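One-letter residues, chain by chain:
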Amino acid sequence: MSNIQALLKLVSQPDRLRSLLSFNSKGYLNDIGWFNSFDSKKPVDGNGNPIPWVTYSFIDFIKGRINKQLAIFEYGSGNSTIFYAKYAGIVVSVEHDKGWYDTMSKNRPANSEIIFCELEKDGDYCRVPIKLQEKFDIIIVDGRDRVNCCKQAVEALTPNGIIVLDDSERDFYKPGVDFLLSNGFKHLPFSGISPGLFYLKSTSVFYKADNCLGI
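Here is what the cut-offs are and how they apply
Residues numbered from 1 in each chain as written. Predicted model: local features only at pLDDT ≥ 70, side-chain atom pairs only at ≥ 80, totals over all residues. Heavy atoms only, no water. Phe/Tyr/Trp six-rings, centres within 6.5 Å; stacked < 30°, edge-to-face > 60°. Buried < 20%, exposed > 50% of the residue type's maximum accessible area, 1.4 Å probe, protein only. Lys NZ or Arg CZ within 6 Å of the ring centre and 35° of its normal. Axes fitted to C-alpha atoms, helices over the stretch in contact; angles between N-to-C directions. Helix = DSSP H or I, 4+ residues; strand = E, 2+ residues; numbered from the N terminus. Parallel < 35°, antiparallel > 145°, perpendicular 65-115°, else oblique. Left-handed = near helix turned anticlockwise from the far one by under 90°. Contact = heavy atoms within 4.5 Å. Nonpolar A, V, L, I, M, F, W, Y, C, P; charged D, E, K, R; others polar. Arc of directions from axis to C-beta.

Undergrad: Go over the packing of aromatic side chains, please, and point to the residues and values.
TA: Using the criterion set out here, one finds 13 aromatic pairs in the structure. A centroid spacing of 4.8 Å and a plane angle of 75° characterise the contact between Phe 172 and Tyr 173, whose relative ring orientation is edge-to-face. The buried category is assigned to Tyr 173, whose relative accessible area is 11%. By the ring-pair criterion, three or more aromatic residues cluster together here, those being Trp 34, Phe 35, Phe 38 and Phe 198. It is Lys 98 that lies over the ring of Phe 116; its NZ or CZ is 6.0 Å from the centre. Sitting over the ring of Phe 185, Lys 208 keeps its end group 4.6 Å from the ring centre.

Listed below in structure tokens is the structure:
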């Protein structure tokens, strides 16, 4: 169906059109800040505060479970860094884009650290948390080379640590999912829409017994 045909069909259904137009000022999408994100092209909540570019269902799940005793590592930086730093004790991010690294370094929260590393598949980028010789309670895989990041993240987790993989529904990340499952992790997907986007996606938590999130 073309855009014109879709528009004509919508106009022919005034009740549906009226309902859709009302979403801009009231209702779930307005409350969660979906339109704020759509307009600004960056993930923010209903009050304009930074949030991760993940599913809303995952955000609802995670924000009440992070505390200041937890250390987070994330592949990729951005509004997620600001969001996680608000709840966690420390957030360490690796960034492959030099321009974005420079921008984030100037605006990062006090309890965060951003590391620049050039991107090379199965290279230093995916191994940054291991090279730090530290253990993290939560490792978030939301940058590049995600399959290899999943594989390397296991070695940098605390005994009760968890791994989060965004866009876990994508077929080309399946080897990463399969690797984690084969290493004894359970898979808890959070599916739905994300800030400013309307397509269905999943953000998944991989965990074991006695994990730091109390799952």
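Having seen it, we continue.
Undergrad: Tell me about the packing of helix 9 (residues 146-153) against helix 10 (residues 174-182), and name the residues and values.
TA: Axes are the key here: two packed helices are described by the angle between their axes and the distance separating the axes. Following both chains from N to C, one finds helix 9 and helix 10 inclined at 15°, their axes separated by 8 Å at the closest point. One way to sum up the angle between helix 9 and helix 10 is to call them roughly parallel. Helix-helix and strand crossings are classified by hand; for helix 9 and helix 10 the assignment is right-handed. Here helix 9 contributes Val 147, Cys 150 and Lys 151 to the contact with helix 10, which in turn contributes Pro 175, Gly 176, Phe 179 and Leu 180. For the contact of helix 9 with helix 10, the per-class residue count stands at 5 nonpolar, 1 polar and 1 charged.

Undergrad: Any details on the packing of helix 8 (residues 124-131) against helix 9? Residues and values, ideally.
TA: Running from N to C, helix 8 and helix 9 cross one another at 20°; their axes reach a closest spacing of 8 Å. When the axis of helix 8 is compared with that of helix 9, the two are roughly parallel. Remark: the crossing between helix 8 and helix 9 carries right-handed chirality. Of the residues in helix 9, those touching helix 8 at Tyr 125, Cys 126, Arg 127 and Ile 130 are Asn 148, Cys 149 and Gln 152. Considering only residue class, the contact of helix 8 with helix 9 consists of 4 nonpolar, 2 polar and 1 charged.

Undergrad: Explain helix 8 to me, and be specific about the residues and the numbers.
TA: Inspection of helix 8 places Tyr 125, Cys 126, Val 128 and Pro 129 among the buried residues, and these make up the whole buried set. Summarising the axial view, the buried residues of helix 8 lie within an arc of 135°, below the 170-degree limit, and thus occupy one face. On its buried side, helix 8 packs onto strand 1 (71-75), strand 2 (90-95), strand 3 (112-116), strand 4 (136-141) and helix 9. Remark: Gln 133 follows helix 8 within two positions and exhibits a positive phi of approximately 55°.

Undergrad: Give me unusual backbone geometry: which residues, what numbers.
TA: The phi torsion at Lys 41 lies on the positive side, around 60°, for a residue other than glycine. Of note, Lys 41 is situated in the loop between helix 4 (34-40) and helix 5 (56-62). Since its relative accessible area comes to 61%, Lys 41 is described here as exposed. The phi angle at Asp 122 is positive, at roughly 55°, despite the residue not being glycine. Residue placement: Asp 122 occurs in the loop between strand 3 and helix 8. A residue is classified by how much of its surface remains accessible, and Asp 122, at 40% relative accessible area, is partly exposed.

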